[in-house]
Amino acid sequence: SQTIHQWPATLVQPVGSPLSLECTVEGTSNPNLYWYRQAAGRGLQLLFYSVGIGQISSEVPQNLSASRPQDRQFILSSKKLLLSDSGFYLCAWTRSPYEQYFGPGTRLTVT
Amino acid sequence: QQPVQSPQAVILREGEDAVINCSSSKALYSVHWYRQKHGEAPVFLMILLKGGEQKGHEKISASFNEKKQQSSLYLTASQLSYSGTYFCGTDQNDYKLSFGAGTTVTVRA
């Protein structure tokens, strides 16, 4: 069966510090991968998606970036965090056009 | 483009029914439904593909009217465990989902 992992589960970072969140999927090959952000009490905002190694599509221009160094690994990064980057970051995978499964998420607080 | 969900919130007593609607102005390939409990990740409930097939999950079912680009989620004989925020995600066959703002369902004993 397929499993999706995210780490860390929670993170508190000061403004201006760098960020690296990691997501890995097990039990499947060539998945489509996604990064979402959810502000408190709000909906799901798609940040990036990837349909293959090295292929990254950005949905929202911001100070975040994403990379996919391996087939089942997806990384979200920032060089300098802003207060507005706080939120619940969710990684998801799918073999399009079928159901999308979310990882457990990383709760990021920028102070 | 983000689909529109209604209502924003609904309060039910155990055993009551509810309907959540999701509509899009774009032609859809599929509609996905998720439930999110407070502090947790969204959990996949069901997917409805173009063709109008109705899918079910326990006492939760859904329909997809592709002519109107609308989907409805039916909560039948609600249970306390049905509480949470329900999101619809719409797919225009372009590798990604657009999510609605969510409908918060509170089921009371």
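In what follows, the structure referred to is the one given above.
Residues numbered from 1 in each chain as written. Chains lettered and ligands numbered in written order. Predicted model: local features only at pLDDT ≥ 70, side-chain atom pairs only at ≥ 80, totals over all residues. Heavy atoms only, no water.

### What about the overall build of chain B?
Short version of the rule: In this text, helices come from DSSP runs of H or I with a minimum length of four residues, and strands from runs of E with a minimum of two, each type numbered from the N-terminal end. We take the radius of gyration over the C-alpha atoms and set the globule estimate at 2.2 Å times the residue count to the 0.38 power. Each residue is placed in one exposure class: buried if its accessible area under a 1.4 Å probe, protein chains only, is under 20% of its type's maximum, exposed if it is over 50%, and partly exposed if it falls in between. Here a residue-residue contact requires only that any non-hydrogen atoms of the pair lie within 4.5 Å. Methods summary: accessible areas were calculated by the Shrake-Rupley approach with a probe of 1.4 Å, and residue burial reflects only the protein chains presented.
Helix and strand counts for chain B come out as 0 helices and 11 strands. When the helices and strands of chain B are read in sequence order from the N terminus, they spell out β-β-β-β-β-β-β-β-β-β-β. A compact globule built from 109 residues would reach a C-alpha radius of gyration of about 13 Å, and chain B, at 13 Å, matches this within 12%. For chain B, the C-alpha atoms occupy an extent of roughly 40 × 25 × 20 Å along the three principal directions. Per-residue burial for chain B yields a buried fraction of 48% across its 109 residues. Counting only contacts in chain B whose residues sit at least 6 apart along the sequence, the fraction spanning at least 24 positions is 55%. A total accessible area of about 5400 Å² is found for chain B, and carbon and sulfur atoms account for 46% of it.

### Examining the pattern of salt bridges
All names here are of chain A. The following threshold applies: Salt bridge, as applied in this entry: a Lys or Arg side-chain nitrogen positioned within 4 Å of an Asp or Glu carboxyl oxygen.
A full pass over the atoms with the stated rule returns 3 salt bridges over all chains. The residue R37 makes a salt bridge to D85 at a minimum N-O spacing of 3.5 Å. Here R37, found in strand β4 (residues 32-38), pairs with D85, found in the loop between β8 (73-78) and β9 (87-94); they are 48 residues apart in sequence, far enough to count as distant. For the pair shown, R37 and D85 are each scored as buried. In this structure, D71 engages R68 in a salt bridge whose closest nitrogen and oxygen atoms are separated by 3.3 Å.

### Points about the sheet that holds strand β3 (residues 19-26) of chain A
All names here are of chain A. Here is the rule we go by: Note: two strands are recorded as paired if DSSP finds a minimum of 2 bridges between them. Axes here mean lines fitted to C-alpha atoms, for a helix over just the part in contact, with angles spanning 0 to 180 degrees between N-to-C directions.
Pairing within the open sheet is antiparallel, and its 4 strands lie in the order β1-β3-β8-β7. Each edge of the open sheet carries a strand with a single partner, namely β1 (3-7) and β7 (64-70). Mean inter-strand twist for the sheet, computed between neighbouring axes without regard to direction, equals 20°.

### Section: the state of the cysteines
Cut-off, in case you're wondering: In this description, a disulfide is simply a cysteine sulfur pair whose atoms lie within 2.5 Å.
In total, this model carries 2 disulfides over all chains according to the counting rule given. The disulfide bridge from C23 of chain A ends at C91 of chain A, spanning 2.0 Å between sulfur atoms. Because the sign of the S-S torsion sets the handedness, a value of about -70° for the bond joining C23 of chain A and C91 of chain A places this disulfide among the left-handed ones. Taken together, the positions of C23 of chain A in strand β3 and C91 of chain A in strand β9 put the pair 68 residues apart, joining distant regions of the chain. Each member of the pair, C23 of chain A as well as C91 of chain A, is classed as buried. Linked covalently through their sulfurs, C22 of chain B and C88 of chain B form a disulfide whose S-S length is 2.0 Å. The disulfide joining C22 of chain B to C88 of chain B has a torsion of about 75° about its S-S bond and is therefore right-handed.

### Digging into the interface of chain B and chain A
The condition is simple: Throughout, the accessible surface (probe 1.4 Å) given up by two parts as they are put together, summed over both, is called the buried area. Here a polar contact means two N or O atoms within 3.5 Å. Within protein one must be a hydrogen donor candidate and the other an acceptor candidate, and residues neighboring in sequence count only if both atoms are side-chain atoms. Nonpolar residues are Ala, Val, Leu, Ile, Met, Phe, Trp, Tyr, Cys and Pro. Charged residues are Asp, Glu, Lys and Arg, and all others, Gly as well, are polar.
In this complex, chain B contributes 20 residues to the contact, which on the side of chain A involves 23 residues. Summing the contributions of chain B and of chain A, the shared interface buries around 1600 Å²; its carbon and sulfur component is 63%. It is Y95, K96 and F99 of chain B that lose the most area in chain B upon contact with chain A, and together they represent 34% of the buried surface on that side. The residue K96 of chain B makes a salt bridge to E59 of chain A at a minimum N-O spacing of 3.0 Å. In this structure, the connection of chain B to chain A is made through 4 residue pairs in polar contact (both at pLDDT 80 or more). When residues of the side of chain B that touches chain A are assigned to their parent elements, the largest contribution, 4 residues, is made by strand β4 (residues 30-36) of chain B. Across the side of chain B that touches chain A, the residue classes break down as 12 nonpolar, 4 polar and 4 charged.

### Quick word on the packing of aromatic side chains
Worth spelling out the cut-off: Between rings of Phe, Tyr and Trp, where Trp is taken as its six-membered ring, a pair exists when centres lie within 6.5 Å; planes separated by under 30 degrees are stacked, by over 60 edge-to-face, and by other angles tilted. By definition here, charges over rings are those cases where NZ of Lys or CZ of Arg is within 6 Å of the ring centre and within 35 degrees of the ring normal.
A full pass over the atoms with the stated rule returns 11 aromatic pairs over all chains. Plain terms: the ring middles of Y34 of chain A and Y49 of chain A are 6.1 Å apart, the flat faces sit at 25° to each other, and that makes the pair stacked. One end of the pair, Y34 of chain A, is in strand β4; the other, Y49 of chain A, is in strand β5 (residues 45-52), with 15 residues separating them in the sequence. Note on Y49 of chain A: relative accessible area 11%, which makes it buried. Between Y34 of chain B and F44 of chain B, the aromatic rings sit 5.8 Å apart at their centres with planes inclined by 70°, giving edge-to-face as the arrangement. Residue Y34 of chain B is located in strand β4, and its partner F44 of chain B is located in strand β5 (residues 43-49); the two are separated by 10 residues in the primary sequence. Judged on exposure class, the residue Y34 of chain B and its partner F44 of chain B are both buried. Clustering of aromatic rings is evident, with ring pairs tying together Y34, Y36, Y49, W93, Y101 and F102 of chain A together with Y34, F44 and F99 of chain B. Its guanidinium or amino end placed over the ring of F88 of chain A, R107 of chain A lies 4.1 Å from that ring's centre, counting from NZ or CZ.

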